[in-house]
Every structure is written in structure tokens, then in C-alpha cells.
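Fold and contact review
Listed here are the chains, written in short residue letters.
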Amino acid sequence: MSSSESGSGDSSSSSCDSDNSSSDELEDHHQPAFRHTRVEYGGDGCHKDEDYSGVDSDREIYRPSDEAPCDSADVDDGDSDNDGDCSDDDDIAAGGTAAGAAGAHGGDGEVPEDGGAVPSPAPGKRKRKARITVNLDLCDYTVVTKVCEELGWRISSGANWNIKWMDRYLLGSAIKDMGLRRGQRINHFPAMAELAFKCRLAANLNRVKRLLPDDFDFHPDTWVLPDEGPAFARVTAEHRNRTYIVKPNGGSQGRGIFLTRRAADVPAEGKFVAQRYLNKPLLIEGLKFDLRVYVLVTSLAPLRVYVMREGLARFCTKEYESITSKNLDNQFMHLTNYAINKHNDDFEQPAHADASRADSGSKRSISSVRRWLDANGFSGEAVWDKVKELIVKTLLVGLPANTHTYRLNVPEARDAVGFTCFTVLGFDVILDRAARPTLLEVNELPSFETDSPLDRAVKSAVIREAL
């Protein structure tokens, strides 16, 4: 994913797969090392309902039953001209890729068998570029609409589209039921519950961590509850002064999170994870913080990942003190969630949209943290390299189930230019006092609310780069 340090997000290509010297593209070539890792999934590619415990099914889960299937006559699948509105600045959805370039010449998009050049249009006849149509019926964020308008794309409220952006989870075979055609893209992969739901992520990472402990030490000790309740009870009884952070499986924005030292405090109903609390975090100006790193996945086989160099650092709003029984409940000190800290009177909105100047306030740019690291005896680039490594390893643990479900529901014969799905994930990472990154969680539905100029600058760039 290409992006300038300022977070402007300017890119020299409209294709996610294009080469760009400023991009952080991480392609994995080590998948066979995990071929013996057992990943649990249903034979039909569907997850059990319990995997989505804590999710508002009416608001957060996509069900295509109420939508009409696409009418192929009105969808530009890359095999024919589009007679709709055209613009010199518009481009096809697969622009910049080999398949997209071939399809732009008409026909079925295949390169001649003799390897010769693709025939050019007749002299004097200019090829018209198709205008992209985007469906935002289930999109909750105005910033997505604004970016599409800035790109000159048509926004449609119907079944005929090139790209569908929705802020809902895509379950199992739902993508098959949609009847997607070649040339259409949707902004979620099925089976991302393997990473996006806390219980599944913990189970997957724990499984691999037992085999490769030194390579997966970036994830804190975690127990899946109630499945591992007895083991968690034994640990808390043996180490009474250790603190654990408990999170509901499908929770977001800090809802339902609490700190405890007793297994008995965990509710008997529901699914949770309990993680050992990081008691010695890196502090900036005496405040605890974490990083929201935006990650674009455009392909599962092979795994193709783009990491946005600019993101957000979310700060607590009360100076950090080592955790004790007296301050255990002080969320403004211990939890970095923006949704929690914005309610503190000490919360400070960032004053600048420019990431190069966003080095104060309760929300800052990741580049400002890298500059702080460089100025305080650490290497910002070395830490960033560790973050990228953490991201790839995390994606790998969910890859078998994700690839299996994707291929079940998106046959290769219908998969345009290698990807029908793409997704923007939000990785939450915290640094310890030695600036070692630790993974907190993965968000499949990262918030794109823009409450400040910095939010608008960073999140607009993320969306623009992805599209």
C-alpha cells in the first residue's frame, strides 16, 4: 500500500497490486511451514454461531437474502465496453494489472497464444475507460462516500456495481449466495472470524505458539473462556498478584472490558478471552498508548498484504502508574480505547491534520511515534519492521481456514484477476518499555469515524489507497 509519511495517501496507481517504491508490500513465501497446523472449520466453510458471540447480528452481520442478484447486463465485468458515464480520470477496477489491461482491449481479456501484442483499437477510435460503480448501501461512514466522490466514481444504491463496501461481517457461504460476477469486488473475505474474533484469534495463536514459541512470542498469554476456564482458575490461584484483562469475544470500542486478578470475576455466560496484562508499557509523556495499524489484504493465495505506513496512536488520558488493587478500575489510565478516553475531561483532540505535526494530544500519528522512538534511543524503523513481521505471522495462523472458505465460495473460474475480495484490517499493537511490539487484537470492522482533522487525513488516505 503506497502512502506518503504525511498520510496524504497519494498513489501513482489505482491498483492495489501495482509496484510502488514507497509501499510496504509483504508477500509470504513460507506457507508450507504451517502445513501441519490444525485449524478448525466446518466442511461447508461456515462458522458456528458461537464464533460470533457478542455480535449484534441484525446490525453487524451481512445477509444477502434480501438483495437481488446482479444483472449481468448492467455490470461491467471487464469483458466489454461500458456505455455509461465516462471520464478521462476514471479507470477500471482492475486498472494496472495484467488482466485488467488485457480486458481493456475488449474480447475475453486473454493474451494471444503466440505471445504477440494485443491488437490496438482502430485508428482514430479512442478507447473509453469504464467508470467504476460503488455500492454503499451498508456503509456507515461518510468518509468512504467522500473518497469515492473525489475519485469520480458513481455511487449506486442497487444490485449492479463494481465494488461493494459494507460495514458488516461476511459469514461463510454468504458470498456465494450473492452471485458475484467477474470484475466485482467486495471489501471482506469470508471466514475472517479466524482473526477478527478474539476467541478464534487466541485459539489459533496459542496453537501455533505451542509449536513455535520463539517465533510467536508477540502475543500475551491468553485463555479462551469458558473453554479454558479451569486452567485460568489454576493460574490466578497460583499467582494472586498478576493482573489480567478480560474482553468479550465480539466486543469493540472498549465495551465489556475489565481488569481482574480473580477467575471468579469472569461472567459465567458468554465467551471471553483473558490476557495477562502488560504492566510495563512504553510511555510517552507518562501516558500509555497503543497503535492502530491499517492493513490491506488483497489476496489469500498467495498471501498479499499492504501495510499503511501512517496510522493512529491512541493515548490514555491519565498518567500511568503500576497497576494495584486501588487503581485497577481506572480505565482512563489502563485502557487506550478512544471510545473510552474521549469521555475524560482531560482528553485532547489532535490539533493538526498533518501527520508530521501530529505529535501532541490524545490521538497522534504513528509517524510521530516513530520520530519519538528515534529521538529517545530506539529505532523507529526497527520497531516498524517488527510490527510488519507480527502482522504477517498473525495472518498466517488464519490462512488455512480463510483460504479454504474463500475457494469454497469463490471458484477460481469466477475469480477476477486473482481477487474478488479485499479487506482493510485494523491491527492494535502496544509497545513494552523496551519498544517490543505486542499484538492486542485484530479488527475486521475498524472504525472510520472522523472526529478530528487527523482522523480525516489518515482514514481518507487508507480508504483511497485501498480502493
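Everything numeric here is computed off the predicted structure, so don't read it as measured data. (Residues numbered from 1 in each chain as written. Predicted model: local features only at pLDDT ≥ 70, side-chain atom pairs only at ≥ 80, totals over all residues. Heavy atoms only, no water.)

Some remarks on the overall build of the chain
- Along the chain, the regular secondary structure elements total 13 helices and 18 strands.
- Burial analysis of the chain (467 residues in total) assigns 52% to the buried set.
- Restricting to contacts in the chain with at least 6 residues of sequence separation, those with at least 24 account for 69%.
- When the accessible surface of the chain is totalled, it reaches about 21,000 Å², and 46% of it is carbon and sulfur. (Helix = DSSP H or I, 4+ residues; strand = E, 2+ residues; numbered from the N terminus. Buried < 20%, exposed > 50% of the residue type's maximum accessible area, 1.4 Å probe, protein only. Contact = heavy atoms within 4.5 Å. Areas by Shrake-Rupley, 256 points an atom, 1.4 Å probe, with all protein chains shown as cover.)

Focus on the nonpolar core
- Of all hydrophobic cores here, the largest spans 53 residues; its most connected members are Val293, Val295, Ile391, Leu395 and Phe427.
- Among the elements that line this core, the one with the most residues is helix H11 (residues 380-397), at 9 residues.
- The contact partners of Ile391, leaving out residues within four places of it in the chain, are Val293, Val295, Val305, Val307 and Phe427.
- With 28 residues, the next largest nonpolar core counts Tyr306, Met308, Ala358 and Ala461 among its residues. (Core = buried A, V, L, I, M, F, W, Y, C linked by side-chain atoms within 4.5 Å.)

Regarding the packing of aromatic side chains
- Inspection of every chain in the model, using the stated rule, returns 12 aromatic pairs.
- Between Phe216 and Phe218, the ring centres sit 5.6 Å apart and the planes meet at 40°, which makes this aromatic pair tilted.
- Given the relative accessible area of 1%, Phe216 is considered buried.
- Taking relative accessible area as the criterion, Phe218 reaches 7% and is therefore assigned buried.
- What links up through ring pairs into an aromatic cluster is the set Tyr141, Trp165, Tyr294, Phe422 and Phe448.
- The ring centre of Phe315 lies 4.2 Å from the NZ or CZ of Arg364, which sits over that ring.
- Between Lys393 and the ring centre of Phe216, over which it is positioned, the NZ or CZ distance is 5.9 Å. (Phe/Tyr/Trp six-rings, centres within 6.5 Å; stacked < 30°, edge-to-face > 60°. Lys NZ or Arg CZ within 6 Å of the ring centre and 35° of its normal.)

Side note on the environment of Trp153
- Take Trp153: it is sitting in the loop between helix H3 (142-150) and strand E4 (154-156).
- Accessibility expressed as a relative area gives 9% for Trp153, which makes it buried.
- Apart from the residues within four sequence positions on either side, Trp153 is in contact with Arg131, Ile132, Val134, Cys148, Ile163 and Leu467.

Remarks on the sheet that holds E4
- As summarised here, the arrangement of the 4 strands in space is E4-E3-E5-E7, forming an open sheet in which the pairing is parallel. Two strands close off the open sheet at either side, each with one partner strand: E4 and strand E7 (185-186).
- When strand E5 (residues 163-164) meets E7, the two strands line up parallel, connected through 2 bridges. From the neighbouring strand, Ile163 faces E7, where its bridge partner is Arg185. (Pairing = 2+ DSSP bridges.)

Side note on the pattern of salt bridges
- Taken as a whole and assessed by the stated rule, the structure comprises 16 salt bridges.
- Note that Asp290 is salt-bridged to Arg314, the shortest N-O span being 2.8 Å. One end of the pair, Asp290, is in strand E13 (residues 287-300); the other, Arg314, is in strand E15 (residues 312-315), and 24 residues separate them in sequence. We note that Asp290, like Arg314, is buried.
- Residues joined in a network through salt bridges with shared partners are Asp290, Arg292, Arg314 and Asp428. (Salt bridge = Lys/Arg side-chain N within 4 Å of Asp/Glu carboxyl O.)

Concerning the pairing of E15
- Side chains Leu312 and Arg314 of E15 all project onto a buried face; the interleaved residues Ala313 and Phe315 project onto the opposite face, where all are buried too.
- By the bridge criterion, 4 bridges tie E13 to E15 in an arrangement that is antiparallel. Looking at the pairing, Leu291 lines up with Ala313 of E15.
- As paired elements, E15 and strand E16 (residues 363-365) share 3 bridges and run antiparallel to each other.

Quick notes on the side chain of Asp455
- Among the structural elements, Asp455 can be located in helix H13 (residues 453-466).
- Within the structure, Asp455 has its side chain in polar contact with the side chain of Lys363 (distance 3.1 Å).
- Discounting residues that sit within four places of it in the chain, Asp455 has contacts with Leu312, Lys363, Glu449, Thr450 and Ser460. (Polar contact = N/O pair within 3.5 Å; in protein donor to acceptor, adjacent residues only side chain to side chain.)

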